[in-house]
Amino acid sequence: MKIKVNENFGNLKPNYLFSETAQKARKYRAEHPDQKVISLGIGDVTQPLAPVVIEAMQKAVLEMGVKETFRGYAPEYGYDFIREAIAGYYVNKLNIAVKANEVFVGDGAKSDLGNIVDILGDNRILIPDPVYPVYMDSNIMSGRSVTLLPATAENNFLPTPPDDDIPSVVYLCSPNNPTGAVYDYDKLKKWVDYAKKTGSLIIFDSAYESYIREDLPHSIFAIEGARDCAIEINSLSKMAGFTGTRMGYTVIPETLTSGEFNLNKMWARRQATKFNGVPYVVQRAGEAVFTERGLKECKDLVDYYLENAKLIAELLEKKGVWFTGGVNSPYIWLKCPDGFDSWSFFDYLLEKAQIIGTPGVGFGANGEGYFRLTSFGSRENTLEAVARLDKLL
Ligand code: PLP
């Protein structure tokens, strides 16, 4: 062919983190078929959907088989019932004013985080390093260059705003994947103040807000002034086990503007043009999550993972291994002991304890020397992994 392609794809770094860890694990299993390998690297949930969700889906499936209740295309932004349920969660549970017309329901946070660049022009892009890779890659695909904000032990893996006046698009993820670090009210306020002062936009990824158990902000909109400078993107994946069911949402204040452009209206137009809605059955499942019973059942799911995280964290504490996360987050970010770098520690854990984790350097250069463990495994496997680590470290 002689067509021009999007040559920005040539600027993407090969994404071999999870394929390489999987390949090493496969090789090890093939060479040691009698040994049980346990994954604490998994970023996917393992526990089934809450009963309230299953009941709602079953009911919705039956409706789809009856002429009177059958539904075709769903509204591009979500049915009113789910937009109202999510706005109600903000108002009643988080004590934050959000209106239903500010909530856009989509098929997960990854899509919205990747697609949001459609409504943005050429700006300075600030992205923490290390962080969830989607922010970086979606900007590179669209031809933007990225400025990294180092997230290091010195700043507790919570970058602070730059000391300049350049209007920027800033990505923040709190509780953070991979470090588990969580912004407190004061630190997040500094970002909002910076954004307001410089005319910047914060894209706030709150995919793990339901893991917060201490007095820390669940939402950027908990900070005064954020409605003038922020978009929030959240997901039911880790809150309610929807990784395979697929639902997330983006909150854009109806008054959020840059120059003559209203970002809520722009996103509405973008979604109406390129997206045809989340399936009715899934939206009913999502609605069930935000009922009193749903929130209780999903909290139980999250508590299960948090208990796993606590077990891992207690062991690391006992062994004197430095780490962040493990509370208010499903992730534990540890400093590789004994001078190991990220990949050599991966090999060491696999060889000596048959445990798989994720090398920190895979999330950015500042992750070198660090390692991510997750709490999404079963209790049984987590306990066994903890016992093995107790012997090894
Ligand atoms: N944001 C962060 C920080 C994540 O870690 C993930 C998934 O691992 C997502 C977003 C994507 O969530 P979803 O499953 O809704 O696409």
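Quick summary incoming for the structure in this document. Keep in mind that what you see is a predicted model, and the values were worked out from it rather than measured. (Residues numbered from 1 in each chain as written. Predicted model: local features only at pLDDT ≥ 70, side-chain atom pairs only at ≥ 80, totals over all residues. Heavy atoms only, no water.)

## Some remarks on helix H5 (residues 134–141)
For step 1, the next point in the chain: Inspection of H5 places Val134, Tyr135, Ser138, Asn139 and Ile140 among the buried residues, and these make up the whole buried set.
For step 2, the next point in the chain: Packing partners of the buried residues in H5 comprise helix H4 (109–115), strand E3 (124–129), strand E4 (146–150), strand E5 (168–173) and strand E6 (201–205).
For step 3, the next point in the chain: Residue Gly143 follows H5 closely and has a positive phi angle near 85°. (Buried < 20%, exposed > 50% of the residue type's maximum accessible area, 1.4 Å probe, protein only. Helix = DSSP H or I, 4+ residues; strand = E, 2+ residues; numbered from the N terminus. Contact = heavy atoms within 4.5 Å.)

## Looking at the site of the ligand
For step 1, the next point in the chain: Around the ligand, the surrounding shell holds 14 residues, and the nearest of these are Ala109, Asp205, Tyr208, Ser235 and Ser237.
For step 2, the next point in the chain: Asn177 has a polar side-chain atom sitting 2.8 Å from an oxygen atom of the ligand.
For step 3, the next point in the chain: Between the ligand and Lys238 there is a distance of 3.0 Å, counted from an oxygen atom to a side-chain nitrogen or oxygen.
For step 4, the next point in the chain: If the ligand stood free it would expose 390 Å²; the protein chains cover 91% of that surface.
For step 5, the next point in the chain: Within the residue set of the shell around the ligand, elements represented by two or more residues are H4 and helix H7 (237–240).
For step 6, the next point in the chain: Among the elements that take part in the shell around the ligand, H4 stands out by supplying 3 residues, more than any other.
For step 7, the next point in the chain: The residue inventory of the shell around the ligand, partitioned by class, reads 6 nonpolar, 4 polar and 4 charged. (Near = heavy atom within 4 Å. Polar contact = N/O pair within 3.5 Å; in protein donor to acceptor, adjacent residues only side chain to side chain. Areas by Shrake-Rupley, 256 points an atom, 1.4 Å probe, with all protein chains shown as cover. Nonpolar A, V, L, I, M, F, W, Y, C, P; charged D, E, K, R; others polar.)

## Some words on the packing of aromatic side chains
For step 1, the next point in the chain: Scanning the model with the defined rule gives 29 aromatic pairs in all.
For step 2, the next point in the chain: Ring plane angle 85° and centroid distance 6.2 Å describe the contact between Phe81 and Tyr280, whose orientation is recorded as edge-to-face. Remark: Tyr280 occurs in helix H9 (residues 280–289) and Phe81 occurs in helix H3 (residues 80–93); sequence separation between them is 199 residues. When sorted by exposure, Phe81 lands in the same class as Tyr280, which is buried.
For step 3, the next point in the chain: Their ring planes at 45° and their centres at 6.1 Å tell us that Phe157 and Trp322 sit as a pair that is tilted. Of this pair, Phe157 sits in the loop between E4 and E5 while Trp322 sits in the loop between helix H10 (292–319) and strand E11 (323–325), placing them 165 residues apart in sequence.
For step 4, the next point in the chain: The exposure class of Phe157 is buried, given its relative accessible area of 2%.
For step 5, the next point in the chain: Among the aromatic residues, those joined into a ring-pair cluster are Phe18, Phe157, Trp322, Trp333, Phe363 and Tyr370.
For step 6, the next point in the chain: The ring centre of Phe104 lies 5.3 Å from the NZ or CZ of Arg83, which sits over that ring. (Phe/Tyr/Trp six-rings, centres within 6.5 Å; stacked < 30°, edge-to-face > 60°. Lys NZ or Arg CZ within 6 Å of the ring centre and 35° of its normal.)

## Concerning the packing of helix H1 (residues 17–31) against helix H11 (residues 342–353)
For step 1, the next point in the chain: For the pair H1 and H11, interaxial distance at closest approach is 11 Å and the crossing angle is 30°. The angle between H1 and H11 places the two elements in the roughly parallel class. Relative to H11, H1 is oriented so that their crossing is right-handed. Contact with H1, carried on its side by Leu17, Glu20, Thr21, Lys24, Ala25 and Tyr28, involves Trp343, Phe346, Asp347, Leu350 and Glu351 of H11 and no other residues of that element.
For step 2, the next point in the chain: Taken together, the residues of the contact of H1 with H11 sort by class into 6 nonpolar, 1 polar and 4 charged. (Axes fitted to C-alpha atoms, helices over the stretch in contact; angles between N-to-C directions. Parallel < 35°, antiparallel > 145°, perpendicular 65-115°, else oblique. Left-handed = near helix turned anticlockwise from the far one by under 90°.)

## Structural notes on the pattern of salt bridges
For step 1, the next point in the chain: Inspection of every chain in the model, using the stated rule, returns 23 salt bridges.
For step 2, the next point in the chain: Between Asp118 and Arg270 there is a salt bridge whose closest N-O contact spans 2.9 Å. Of the two residues, Asp118 sits in the loop between H4 and E3 while Arg270 sits in helix H8 (residues 263–274), which places them 152 residues apart along the sequence.
For step 3, the next point in the chain: The partly exposed category is assigned to Asp118, whose relative accessible area is 39%.
For step 4, the next point in the chain: Its salt-bridge partner being Asp164, residue Arg124 comes within 2.9 Å of it at the nearest N-O pair. Here the residue Arg124 occupies a position in strand E3, and Asp164 occupies one in the loop between E4 and E5, the gap between them amounting to 40 residues.
For step 5, the next point in the chain: Looking at Arg124, the relative accessible area reads 19%, which means it is buried.
For step 6, the next point in the chain: Sharing partners across several salt bridges, the network here consists of Lys36, Glu384 and Arg388. (Salt bridge = Lys/Arg side-chain N within 4 Å of Asp/Glu carboxyl O.)

## A short note on the pairing of E4
For step 1, the next point in the chain: Bridging between E3 and E4 involves 5 bridges; their strand directions are parallel. Within E4, the residue paired with Leu126 across the bridge is Thr147.
For step 2, the next point in the chain: In this fold, the crossover linking E3 to E4 by way of H5 has right-handed handedness. (Pairing = 2+ DSSP bridges. Right-handed = clockwise from strand over helix to strand, strands pointing away.)

## Digging into the side chain of Asp205
For step 1, the next point in the chain: Tracing the backbone shows Asp205 in strand E6.
For step 2, the next point in the chain: Buried within the structure, Asp205 lacks any salt-bridge partner; Lys238 is the closest side chain of opposite charge, at an N-O distance of 9.3 Å.
For step 3, the next point in the chain: Separated by 3.1 Å, the side chain of Asp205 and the backbone nitrogen of Ala207 make a polar contact.
For step 4, the next point in the chain: Those residues in contact with Asp205 that sit more than four places away from it in its chain are Leu113, Tyr132, Tyr135, Leu172, Cys173, Ser174 and Ile233. (Lys, Arg positive; Asp, Glu negative; His and termini not counted.)

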